[in-house]
Amino acid sequence: MTERTKSSIPFVGLHAHSVAGSPFDGLGYPQAHMDFAYSNGMNAMALTEHGNANGLSYQVLHAKKMQAEGKDFKPIFGLEAYFVKDLDVWREEYERQAAEKKNKGVKKVGSQGTVVESEDRRIQDILKQRSHLILLAQNQEGLNNIFELVSKSFKPENFYRFPRIDYKMLREHSSGIIAASACLSGVYSNDYWRNKDDGEEAVLDAMRETTRNMKSIFGDRWHGEIQWNAIPEQHIINKYVIRVCQEMGVEVISTADSHYPSPDAWKDRELYRRLAWLGKGEAKELPGSVDEVGYELYPKNGDQMWEAYKKFSEKCGAEYDDDVVMRSITLTADIANNRIEGFIPDTTVRLPDFVVPEGMTE
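Below you will find a few notes about this structure. As the structure is a prediction and not an experimental result, all values here were calculated from the model.

Re the overall build of the chain
Helix and strand counts for the chain come out as 12 helices and eight strands. In summary, the chain has a C-alpha radius of gyration of 21 Å against a globular reference of 21 Å for 362 residues, a match within 12%. In the chain, of all internal contacts separated by at least 6 residues, the share reaching a separation of at least 24 is 81%. Within the structure as shown, the chain displays about 17200 Å² of accessible surface, and the carbon and sulfur contribution to it stands at 49%. Taking the average place of the 45 positive charges on the side chains of the chain and the average place of its 56 negative ones, the gap between the two points comes to 5 Å.

Here it is in structure tokens:
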């Protein structure tokens, strides 16, 4: 057996994508991500596909295999949902535009159970706007609620290119779920993108409103999320997230937002991702090194997360409180080990009850 890497800093990846549910964005099946995370010193890992839980069966089967091999590893079930504040408002606009454009207008896209993720964060069309939101199941009840949210998001009235959920749906199905603000397309990030031209206070006010709403739904299960890469805006948003969360009593977590199963797979993922955007402005030549890409999206351990923080904050000239960042890294392990149950989803077959007429057998 290959010796596992040891990390001096506890950390668990709570944000990850695979090819099973994030096409042209995540590379490698969940099994490969889980195996590398284990060999890299972690005892748990979340899978958070875009708008779906299509990787869950792979997680379950491979977790059972790992347990049979004596590998203590907890699969964490979740998704990265597409969120809008109010689906009723969104739907009114959808119907208005459809009526205006009539036969030439908005074309419905079928609900296929999976979507290809775009990286355009500044789309102004309300029909295309959405924010990413991380949802993690703490237990079977939380997983059932995630299933409900996914099912509702794919209903035709909530689907236009992407499945959507809103505050109302979250209030109905929040029990047993831990939530986080996601990436550069996340709920806090879009508060920044949509308000930055109006100044710092406008951004802060938008983030405060989001925080109040999310805390009213999730309580202390709501978390701000920060990430580490060479994108300058990431550090601007990180600082806003830390500031608002400290002000409003919200814990902050760091995530690797992993998209491929090992460090040396970065080039394969770059090629795979670009296949989806040929002819749409994507550079045709692949980067010569991962440093040219500006981010490292594999399942890091705690030491590697700390190294990424130091490397990319220095590269972007951003200063942070080391204690705050360390807390954001180690808190993930506490969440994974102490706030999320180790469980395998209930697959009990439930047949409907029926009344047997008198004198008849079933």
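Structural notes on the packing of helix H7 (residues 200-218) against helix H8 (residues 232-247)
Contact geometry of H7 with H8 gives a least axis separation of 10 Å together with a crossing angle of 55°. With respect to each other, H7 and H8 are oriented oblique. Note on packing geometry: the crossing formed by H7 with H8 is right-handed. On H8, the residues touching Glu 200, Glu 201, Val 203, Leu 204, Met 207, Arg 208 and Thr 211 of H7 are Tyr 240, Val 241, Arg 243, Val 244 and Glu 247. When its residues are assigned to classes, the contact of H7 with H8 shows six nonpolar, one polar and five charged.

Looking at the packing of aromatic side chains
Tallied over the full model, the rule gives 17 aromatic pairs. Ring geometry for Tyr 82 and Phe 162: centres 4.9 Å apart, planes at 55°, overall tilted. Taken as a pair, Tyr 82 in strand E2 (residues 74-83) and Phe 162 in strand E5 (residues 162-163) lie far apart in primary sequence, 80 residues in all. Residue class for Tyr 82 comes out buried when judged on its relative accessible area of 1%. A ring pair is formed by Tyr 94 and Tyr 160, whose centres lie 5.7 Å apart and whose planes are at 80°; its orientation type is edge-to-face.

A look at the environment of Ala 333
Summarising the element assignment, Ala 333 is placed in helix H12 (residues 322-339). Overall, Ala 333 belongs to the buried group, its relative accessible area being 8%. Sequence separation between Ala 333 and Phe 11 is 322 residues, and the spatial gap between their C-alpha atoms is 4.8 Å. Apart from the residues lying within four places of it in its own chain, the contact partners of Ala 333 are Pro 10, Phe 11, Val 12 and Asn 338.

The rules behind the values
Residues numbered from 1 in each chain as written. Predicted model: local features only at pLDDT ≥ 70, side-chain atom pairs only at ≥ 80, totals over all residues. Heavy atoms only, no water. Helix = DSSP H or I, 4+ residues; strand = E, 2+ residues; numbered from the N terminus. Rg over C-alpha atoms; globule rule 2.2 N^0.38 Å. Contact = heavy atoms within 4.5 Å. Areas by Shrake-Rupley, 256 points an atom, 1.4 Å probe, with all protein chains shown as cover. Lys, Arg positive; Asp, Glu negative; His and termini not counted. Charge placed at Lys NZ, Arg CZ, Asp CG, Glu CD. Axes fitted to C-alpha atoms, helices over the stretch in contact; angles between N-to-C directions. Parallel < 35°, antiparallel > 145°, perpendicular 65-115°, else oblique. Left-handed = near helix turned anticlockwise from the far one by under 90°. Nonpolar A, V, L, I, M, F, W, Y, C, P; charged D, E, K, R; others polar. Phe/Tyr/Trp six-rings, centres within 6.5 Å; stacked < 30°, edge-to-face > 60°. Buried < 20%, exposed > 50% of the residue type's maximum accessible area, 1.4 Å probe, protein only.

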